[in-house]
Amino acid sequence: MISASMAYNILSGNMKQSLDRVASQATIKRDAEYYEANINKVKDVDDFLGNYRLYSYAMKAYGLEDMTYAKAFMKKVLESDLTDANSFANKLTDTRYKEFAAAFNFSAPAADAQSDSQEDDLIGLYTQSFADESTKAKTETDYYSSAIDKVQDVSDLVGNSRLRTYVLKAYNIDPTYVTKDFLAQVLTSDVNDPSSFVNVNGNAKYKALAAQFSFNADGTINGAAQTATQKNAVIEQYNLTVPSTVTKTAAEYNKAYYLSNIGSITNVDELIADTRLTSYIKAAFGMSANFSNAALKTVLTNSSYAETLGYDAAYQAFNFNADGTINSAAASYVAQTSEQMSSMAAKAADATRSYQAKIANITNVDDLIADATMTRYVKDAYGMPQDMSDTDLRAVLTDSSYADQLGYGIVKAAFNFQADGSLPESTSAQTSSQMRQTGTASSDNLDYFQDSIGAISNVDDLMADTRMTSLIRSIYGVPGSVSDGDLKDMLIDPDFAAAQGFSELNAAFSFAADGSAGVASGPQSSDQLRLITTFYDARYDDAQQAEIDSAVANYKKRMTDGNIKKIDDFLKSNATADTDKKNDDLPELYQMALRAYGLTEQEVPRSMMRKLLESDPYDPKGYVASLKDERITNMVRAFNFGSDGKVTAELEVLPAAVMAKYATDYKSQMLMGMSDGPLKDKASKDATTAVDEFAKGMAKVNSLDDFLKNDKLTSLVLKANGLDPKEYDAATLKKIFTSDPSDPKSYLNTEADTRFKEIVADFNFDTKGELTRAKMGAIQNVGAEERTQQGYIQQMLETQEGEKNDGVRLALYFARKAPDITSLYTILGDKALFQVITTTFNLPSGVSSMDVDKQFDMLGKFVSLDDLHDSKKLDKLMKRFTAMYDLQNNTGTSAALTILTNGGTTSTSLL
């Protein structure tokens with residue numbers, strides 16, 4: 001009989017050839033072909049266990065052949081959720097069971113139109129889309145405000161797609177169907193001429209648009225394309241029309257409109273006739289949008305009715321008599337009328353826009369200091385005295401210590417000036433964030449002013465509030481050198497104000513010559529006016545948020561597991577999907593999906609939606625990919641429908657069972673060889689944290705590039721598989737993952753460590769690094785199937801060699817298991833592994849009867865876990881084992897044995 005030493009050397013010298021030889025054997029080849037052809041035809045775990053040929057093949061592959069009879073036990077193993085630490089398989093100490101369970105999809109989540117994470121992502125995007133509308137509207141408005149001032153000819157506007165889109169959308173005109181020539185003729189029309197182009201060819205929308213421009217008939221301008229009033233009208237119209245919700249900017253316009261018009265109302269019917277005023281009131285008091293005008297009128301004129309409906313505050317906010325007339329006896333004194341308040345607010349908005357336009361061009365602190373309007377704005381925003389000297393302000397903006405000393409550290413932090421007043425290279429005076437901070441501070445001062453002005457009964461009360469006078473100086477350009485006495489006189493004496501050039505300031509207030517406030521007129525006193533604007537500011541978006549919440553709740557309810565079984569179910573309307581009538585007017589499911597990913601029904605009609613959902617969004621040659629629209633791709637990837645229209649499993653970068661296996665293996669590697677104690681506890685905690693971060697990180701991976709650019713992800717995968725991350729950079733890993741596994745000459749098959757074959761097979765990436773469903777199977781994914789096939793061949797090799805020489809079987813078994821051994825207790829708990837060690841080092845037979853702790857200590861003197869993970873040292877150990885096995889079993893002595901035993905004396909220095 002050939003010696004174990006010689007047999008092992010022959011086999012290990014070319015293991016691939018040895019395995020291929022076994023795989024080519026007729027019986028084994030037939031079994032492999034049967035397994036491959038039938039494993040993914042299995043319907044469920046019972047079907048699998050009932051097919052002895054498949055079941056026994058798999059059990060053999062994972063070294064569980066002796067447990068083939070225990071079908072009830074194995075069913076519990078296969079149905080275990082490996083992501084649950086308390087599941088049946090995870091509680092078993094023998095890791096073979098976890099590996100077996102991880103090889104199959106029996107415990108994988110059921111087919112679902114959307115997984116919880118996919119649903120959460122879509123709902124998050126849907127909700128965020130409303131906030132994004134506000135951001136986009138501001139961005140487009142800022143661009144329009146700046147760009148329209150540079151237009152010198154109508155062609156400059158119609159030739160700029162961004163400007164053209166802005167003005168058309170402002171008046172609810174679809175830009176898709178408007179030619180440049182048509183728009184140019186509209187904008188150059190005289191709206192007062194009945195025979196002009198716009199009056200002959202345009203509808204009311206075009207006429208309203210044309211009225212907001214000052215182009216000559218030939219497209220030229222005399223001064224500017226728009227007056228300030230026209231420009232503000234277009235901007236207001238855009239912010240009221242384009243966003244589907246009431247943004248903060250729109251709310252400010254609504255507030256300004258209310259303040260400008262409420263004072264002219266003489267009876268309740270005039271108020272009810274103005275839908276914009278009534279919408280404001282309804283929002284302020286939390287009334288639904290469909291609260292009838294008749295009911296609102298009754299609320300405002302009948303205290304009992306208002307109290308019954310819970311709208312007593314709304315009744316108290318107005319001074320209407322029961323017949324709808326104004327109760328003049330309820331009038332009060334006001335320092336500002338609603339029109340004056342609105343005018344001042346518009347002036348403040350102009351000051352902010354002017355500041356933001358100018359600050360972008362400031363290159364050093366002296367440029368800022370030289371502009372009095374800007375310094376007044378900054379001083380007011382941050383509560384600095386308006387009479388602060390330019391020298392002190394310059395020092396605050398350039399010297400942190402000085403700024404902190406005066407209590408203005410926040411001012412220094414809001415600018416980027418260096419000590420010499422210059423700016424760092426490629427740095428603006430204020431970032432967009434800093435600019436917003438300054439604007440918010442200024443806006444807060446205006447809010448404070450409007451909240452406080454209603455309590456001002458005379459000019460002295462106003463002058464006593466420096467925060468209010470600072471705002472007045474900033475908005476109306478009153479220098480800090482003007483005394484409070486002169487400012488007071490400007491407020492009460494129109495002639496003095498005119499002589500000083502501040503007539504607009506005087507007109508903004510209603511103080512009499514003696515300094516007293518004017519008498520209020522209209523349906524609300526200043527206190528009532530302040531109350532309703534406060535309510536509106538707090539509640540203007542409550543109704544729309546409630547609608548969003550209702551839409552989200554309906555989406556979750558309809559998408560509940562099991563409700564959506566096919567695309568038809570998803571595309572059903574709310575009205576036909578259930579008997580609940582409350583959701584009939586809510587957005588449809590597919591409409592919410594479109595909005596979440598920035599799409600419209602014009603871009604993706606319902607019929608196209610069906611075709612998209614039937615297509616594989618991960619197929620580079622599929623219908624979705626052919627559209628080359630990332631929004632569409634991402635939307636379709638948010639759902640799990642097959643080409644037959646039925647729900648299927650979610651495509652995961654790494655199957656959950658494999659993720660769980662990697663997590664277990666990683667923790668084992670991190671705790672390898674560590675004794676119980678604080679260090680091991682910390683290492684265990686750190687490993688758990690790393691695994692949690694791995695799960696979160698993998699959830700964001702959509703391509704190989706995403707995976708490779710995250711070192712934490714790649715590091716954990718490599719360590720879990722016993723590989724050193726330091727030896728593999730991103731470029732090398734990319735070569736490995738993009739290799740063709742079926743090509744024997746590929747980098748994966750010729751250069752990479754053999755462990756990468758399993759890793760690459762585990763990930764659902766194709767050779768281009770894109771996600772693919774091609775590796776997914778109903779019962780076994782490609783990687784798991786290959787691992788099973790390879791395990792079966794390995795087991796058969798060991799079995800066949802064991803029939804000839806048990807020492808060879810033991811060596812092959814030990815060599816296969818060694819890379820995964822992370823604790824000496826594993827060796828102590830496995831008779832075959834332990835026999836290899838006792839034979840290798842000629843340990844006495846009685847050692848197995850020793851106390852376990854003593855066996856552990858003794859084993860540590862002979863075995864290094866790190867060496868077991870070193871292929872060269874492991875091979876050297878197996879050669880020593882087979883030589884010693886030959887000696888102990890009288891199969892002949894070889895030269896190798898003589899060397900290994902130093903002429904008969906056992907050495908312990910080889911590991």
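Computed from a predicted model, the values in this text were never measured in an experiment.

A. Looking closely at the overall build of the protein. Each helix and strand in the protein was counted, giving 56 helices and two strands. Taken over C-alpha atoms, the radius of gyration comes to 40 Å for the protein, far larger than the 29 Å a tight globule of 911 residues would show. Counting only C-alpha atoms, the protein reaches 125 × 65 × 60 Å along its principal axes. Taking all 911 residues of the protein together, 46% fall into the buried category. Sequence-distant contacts, at least 24 apart, represent 60% of the contacts inside the protein between residues at least 6 apart.

B. Quick look at helix 2 (residues 15-23). Those residues of helix 2 lying buried are Ser18, Leu19 and Val22. Summarising the axial view, the buried residues of helix 2 lie within an arc of 95 degrees, below the 170-degree limit, and thus occupy one face. Residues of helix 2 that are exposed and point over 90 degrees away from its buried face: Lys16 and Gln17. Its buried side turned inward, helix 2 meets helix 1 (4-13), helix 3 (26-38) and helix 49 (782-804).

C. How the structure looks around the side chain of Arg164. Following the sequence through the fold, Arg164 ends up in helix 11 (residues 161-170). At 10 Å, Asp174 is the nearest oppositely charged side chain to Arg164, a buried residue that forms no salt bridge. A polar contact is formed between the side chain of Arg164 and the backbone oxygen of Val158, at a distance of 2.5 Å. When sequence neighbours within four positions are dropped, the list of residues in contact with Arg164 reads Leu157, Val158, Gly159, Lys180 and Leu183.

D. Examining the packing of helix 28 (residues 432-453) against helix 30 (residues 466-476) more closely. Two numbers describe how helix 28 lies on helix 30: the axes approach to 10 Å, and their chain directions differ by 120 degrees. When the axis of helix 28 is compared with that of helix 30, the two are oblique. Crossing hand, helix 28 versus helix 30: left-handed. Residues Asp444, Asn445, Leu446, Tyr448, Phe449, Ser452 and Ile453 of helix 28 lie in contact with helix 30, whose contacting residues are Arg467, Met468, Leu471 and Ile472. Class assignment of the residues belonging to the contact of helix 28 with helix 30 gives a composition of seven nonpolar, two polar and two charged.

E. Structural detail: the pattern of salt bridges. For the structure on display, the rule yields 38 salt bridges. With its nearest N and O atoms 3.0 Å apart, the salt bridge here joins Glu140 to Arg162. Highlighted residues: Glu140 in helix 9 (residues 116-147) and Arg162 in helix 11, separated in sequence by 22 residues. The partly exposed category is assigned to Arg162, whose relative accessible area is 33%. Where Lys347 meets Glu504, a salt bridge forms, and the shortest distance between an N and an O atom there is 2.9 Å.

F. Fine view of helix 18 (residues 275-284). In terms of residue burial, helix 18 counts as a mostly covered element, since seven of its 10 residues are buried. Buried residues in helix 18 make contact with helix 16 (248-261), helix 17 (268-273), helix 19 (293-301) and helix 34 (526-539). Two or three places before Arg276, at the opening of helix 18, Asp274 has a side-chain oxygen 3.0 Å from that residue's backbone nitrogen.

G. Geometry of a nonpolar patch on the surface. Together, Ile2, Met6 and Ile10 line one region of the surface with nonpolar side chains, adding up to about 290 Å² of accessible area. Structurally, Ile10 can be placed in helix 1. Taking the relative accessible area as the measure of exposure, Ile10 reaches 54% and is therefore exposed.

H. Representation of the packing of aromatic side chains. Counted by the stated rule, this structure contains 37 aromatic pairs. When the ring of Phe48 is compared with that of Phe106, the centres are 5.6 Å apart and the planes differ by 40 degrees; the resulting orientation is tilted. Taken together, the positions of Phe48 in helix 4 (residues 45-50) and Phe106 in the loop between helix 8 (95-102) and helix 9 put the pair 58 residues apart, joining distant regions of the chain. The burial state of Phe48 is the same as that of Phe106; both residues are buried. Aromatic ring contacts, followed pair by pair, group Phe48, Tyr55, Tyr62, Phe100, Phe104 and Phe106 into a single cluster. The ring of Tyr143 is capped by Arg162, whose NZ or CZ atom sits 4.0 Å from the centre of that ring.

I. Here's a closer look at the packing of helix 5 (residues 52-61) against helix 49. Where helix 5 meets helix 49, the axes come as close as 7 Å, and the angle between the chain directions of the two elements is 70 degrees. Taken together, helix 5 and helix 49 sit at an angle that is classed as roughly perpendicular. Contacts from Tyr57, Ala58, Lys60 and Ala61 of helix 5 reach helix 49 at Thr788, Gln789, Gly791, Tyr792, Gln795, Met796 and Thr799. Residues of the contact of helix 5 with helix 49, tallied by class, amount to five nonpolar, five polar and one charged.

J. Representation of the environment of Phe509 within the structure. Inspection of the secondary structure assignment puts Phe509 in the loop between helix 33 (503-507) and strand 2 (518-519). Exposure remark for Phe509: the relative accessible area of 5% places this residue in the buried category. Along the backbone, Phe509 and Met341 are 168 residues apart, and their C-alpha atoms lie at a distance of 8.5 Å. Contact partners of Phe509, with chain neighbours within four places excluded, come to Ala335, Gln336, Gln340, Met344, Phe449, Ile453, Leu462, Ile472 and Leu491.

K. Broad picture of a negative patch on the surface. A surface patch of like charges, here negative, comprises Asp116, Asp120, Asp121 and Asp561. Within the element layout of this structure, Asp116 appears in helix 9. According to the relative accessible area criterion, Asp116 is exposed, its value standing at 58%.

L. Just the nonpolar core, in detail. Phe48, Phe100, Phe104, Phe814, Ile827 and Leu868 are the most contacted members of the largest nonpolar core, which has 75 residues in total. Apart from the residues within four sequence positions on either side, Phe814 is in contact with Leu833, Val836, Ile837, Leu868, Leu874, Leu877 and Met878. Membership of the second largest hydrophobic core comes to 60 residues, among which are Val268, Ala284, Ala295 and Phe502.

M. Region of interest: the environment of Ile28. Following the sequence through the fold, Ile28 ends up in helix 3. For the pair Ile28 and Gly697, spaced 669 residues apart in sequence, the C-alpha to C-alpha distance is 41 Å. Leave out the neighbours within four places in its chain, and Ile28 touches Val22, Ala23, Tyr792, Met796 and Gln800.

N. Expanded view of the confidence of the model for the protein. The predicted model of the protein has a mean per-residue pLDDT of 90, with 96% of residues at 70 or higher. Below a pLDDT of 50 lies the segment residues 893-911, which in the model reaches 29 contacts outside its immediate sequence neighbourhood of four places, other chains included.

O. Main features of the side chain of Thr375. When you line up the elements, Thr375 lands in helix 24 (residues 372-381). What makes Thr375 buried here is its relative accessible area of 5%. Once you skip the residues sitting within four places of it in the chain, Thr375 turns out to touch Leu368, Ile369 and Leu393.

P. Summary view of unusual backbone geometry. Unlike most non-glycine residues, Asn172 shows phi in positive territory, near 60 degrees. Here Asn172 is to be found in the loop between helix 11 and helix 12 (180-187). Phi is positive for Lys628, close to 50 degrees, though the residue is something other than glycine. Take Lys628: it is sitting in the loop between helix 40 (623-627) and helix 41 (630-636).

Basis of the calculations
- Residues numbered from 1 in each chain as written.
- Predicted model: local features only at pLDDT ≥ 70, side-chain atom pairs only at ≥ 80, totals over all residues.
- Heavy atoms only, no water.
- Helix = DSSP H or I, 4+ residues; strand = E, 2+ residues; numbered from the N terminus.
- Rg over C-alpha atoms; globule rule 2.2 N^0.38 Å.
- Buried < 20%, exposed > 50% of the residue type's maximum accessible area, 1.4 Å probe, protein only.
- Contact = heavy atoms within 4.5 Å.
- Arc of directions from axis to C-beta.
- Lys, Arg positive; Asp, Glu negative; His and termini not counted.
- Salt bridge = Lys/Arg side-chain N within 4 Å of Asp/Glu carboxyl O.
- Polar contact = N/O pair within 3.5 Å; in protein donor to acceptor, adjacent residues only side chain to side chain.
- Axes fitted to C-alpha atoms, helices over the stretch in contact; angles between N-to-C directions.
- Parallel < 35°, antiparallel > 145°, perpendicular 65-115°, else oblique.
- Left-handed = near helix turned anticlockwise from the far one by under 90°.
- Nonpolar A, V, L, I, M, F, W, Y, C, P; charged D, E, K, R; others polar.
- Patch = residues over 30% accessible without salt bridge, like charges linked within 9 Å, V, L, I, M, F, W, Y side chains within 5 Å.
- Areas by Shrake-Rupley, 256 points an atom, 1.4 Å probe, with all protein chains shown as cover.
- Phe/Tyr/Trp six-rings, centres within 6.5 Å; stacked < 30°, edge-to-face > 60°.
- Lys NZ or Arg CZ within 6 Å of the ring centre and 35° of its normal.
- Charge placed at Lys NZ, Arg CZ, Asp CG, Glu CD.
- Core = buried A, V, L, I, M, F, W, Y, C linked by side-chain atoms within 4.5 Å.
- pLDDT = per-residue confidence, 0-100.

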